[in-house]
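Okay, here's what each chain looks like letter by letter:
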Amino acid sequence: MNDDFFQHPFRFPKNAAGPFYTTGVPSTEPDENGNCEWDGNCLWCGAPEAEAPDLFFPFDDESYRDTYFIRQPETPEETEQAIMAAKVCCAFAVRYGGHDRSIIERLDNAPELCDYISVEGELRLTVADDGEFLPFATKIVKQNQAEWRRQHKKWWQFWL
Ligand code: SF4
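The following paragraphs examine the structure supplied in this document. Residue numbers here run from 1 along each chain, matching the order of that chain's written sequence. Per-residue local features are limited, in this predicted model, to residues with pLDDT of at least 70; the limit for side-chain atom pairs, both in listing and counting, is 80 or more; totals at the level of whole chains, interfaces and linings are taken over all residues. Calculated side-chain values reflect all of the structure's heavy atoms, with hydrogen atoms and water omitted.

Here we come to the overall build of the protein. For the protein, the helix and strand inventory stands at four helices and six strands. Runs of H or I in DSSP of at least four residues are treated as helices and runs of E of at least two as strands, each being numbered from the N terminus. In the protein, the order of α-helices and β-strands from amino to carboxyl end is β-β-β-α-α-β-α-β-β-α. The C-alpha radius of gyration computed for the protein amounts to 16 Å, which stays within 12% of the reference 15 Å derived for 160 residues, consistent with globular compactness. Across its three principal directions, the C-alpha atoms of the protein cover 50 × 40 × 35 Å. Summary of the burial criterion: residues with accessible area below 20% of their type's maximum are buried, those above 50% are exposed, and those between are partly exposed, where the area comes from a 1.4 Å probe applied to protein chains only. Taken across its 160 residues, the protein has 39% of its residues classed as buried. A contact between two residues is defined here by any heavy atoms of the two lying within 4.5 Å. At a minimum sequence separation of 6, the contacts of the protein that also span at least 24 residues come to 42%. Only the protein chains shown count as cover for residues, and all accessible areas are computed by the Shrake-Rupley method using a 1.4 Å probe. On the protein, roughly 9800 Å² of surface is accessible, and the fraction owed to carbon and sulfur atoms is 53%. Neither His nor the chain termini are counted; the positive set is Lys and Arg, and the negative set is Asp and Glu. In this description, the location of a charge corresponds to atom NZ of lysine, CZ of arginine, CG of aspartate or CD of glutamate. The distance from the centre of the 15 positive side-chain charges to the centre of the 29 negative ones in the protein is 11 Å. Only C-alpha atoms enter the radius of gyration; for comparison, a globular chain is expected to reach 2.2 Å times N to the power 0.38, where N is the number of residues.

Okay, here's the thing in structure tokens:
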């Protein structure tokens, strides 16, 4: 197991150790041991699970639950599945915290999906200690959002 990956402060605790993970937020106050309950940011629509069915906690439609990795990808095919799972998550709650440049490139070198991105050839961390984007990453995210709006706006959406 490659344990050289960023420990995002909002990493959902149930994720298997490794660079791919989902995010969440604490939902209770910490107890005397500092433990608390968490809610996942990606919930139960099944889209990430459909892309990587062997990597995520199995989806069933009988109960509400969170989306998280039960193991990390072990083959190129599974890595591609994990990448696609990140790409289909509409809340950017499936992320990659590793340093593999080919994976980061497949994830569009986007801070929305990657804890490290390539900037002028150097890998740079996109996330601050509090889980917010660093200023340079915020700028890239805003540029990406503007580009997305430009590509997707309809002729009558003059305000976008
Ligand atoms: S965040 Fe998006 S992909 Fe995840 S459960 Fe919600 S709708 Fe589905």
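There's more to say after this.
Moving on, we come to the pairing of strand β5 (residues 116-119). Remark: a regular strand shows side chains that alternate across the two faces of the sheet. Bridge count for β5 against strand β6 (residues 122-125) is four bridges, and the pairing is antiparallel. The partner of Ile117 across the bridge, within β6, is Arg124. Connecting the antiparallel pair β5 and β6 is a turn made up of two residues, with Glu120 showing a positive phi of about 50°. In short, DSSP must find at least two bridges between two strands for them to pair.

We call a residue near a given molecule or strand whenever any one of its heavy atoms falls within 4 Å of it. Taken together, Cys42, Leu43, Trp44, Cys45, Pro48, Cys89, Cys90 and Ala91 make up the full set of residues near the ligand. All amino acids are sorted into three groups, where Ala, Val, Leu, Ile, Met, Phe, Trp, Tyr, Cys and Pro are nonpolar, Asp, Glu, Lys and Arg are charged, and the leftover types, Gly among them, are polar. Looking at the shell around the ligand residue by residue, the classes come out as eight nonpolar, no polar and no charged.

Among the nonpolar cores identified, the biggest contains 25 residues, and Phe20, Phe56, Phe69 and Leu107 are the most heavily contacted of them. Elements with a minimum of two residues in this core: α2 (76-88), β4 (94-96), α3 (101-106), β5 and α4 (135-152). With four residues, the single largest contributor to this core is α2. Setting aside its immediate chain neighbours within four residues, Phe69 contacts Lys14, Asn15, Ala16, Phe20, Tyr21, Thr22, Leu55, Phe56, Ala82 and Val94. Only buried residues count toward a nonpolar core. Its members are Ala, Val, Leu, Ile, Met, Phe, Trp, Tyr and Cys residues joined through side-chain atoms within 4.5 Å.

On the secondary structure map, Ala110 appears in the loop between α3 and β5. Measuring from C-alpha to C-alpha, the distance between Ala110 and Ala137 comes to 8.6 Å, with 27 residues separating the pair along the chain. Once residues within four sequence positions are removed from consideration, Ala110 is found in contact with Ile117 and Asn144.

For α4, built from 18 residues, the straight-helix expectation of 26 Å at 1.5 Å per residue is met to within 8% by its first-to-last C-alpha distance of 26 Å. Turning to α4, its buried residues number three or more, namely Phe136, Ala137 and Val141. Buried residues of α4, seen end-on, are gathered within an arc of 140° and therefore sit on one face of the element. Projecting away from the buried face of α4 at angles above 90 degrees are the exposed residues Pro135, Lys139, Lys142 and Arg150. Expected span, for any helix, means 1.5 Å times one less than how many residues it has. In this context, the arc is that of the directions from the helix axis out to the C-beta atoms.

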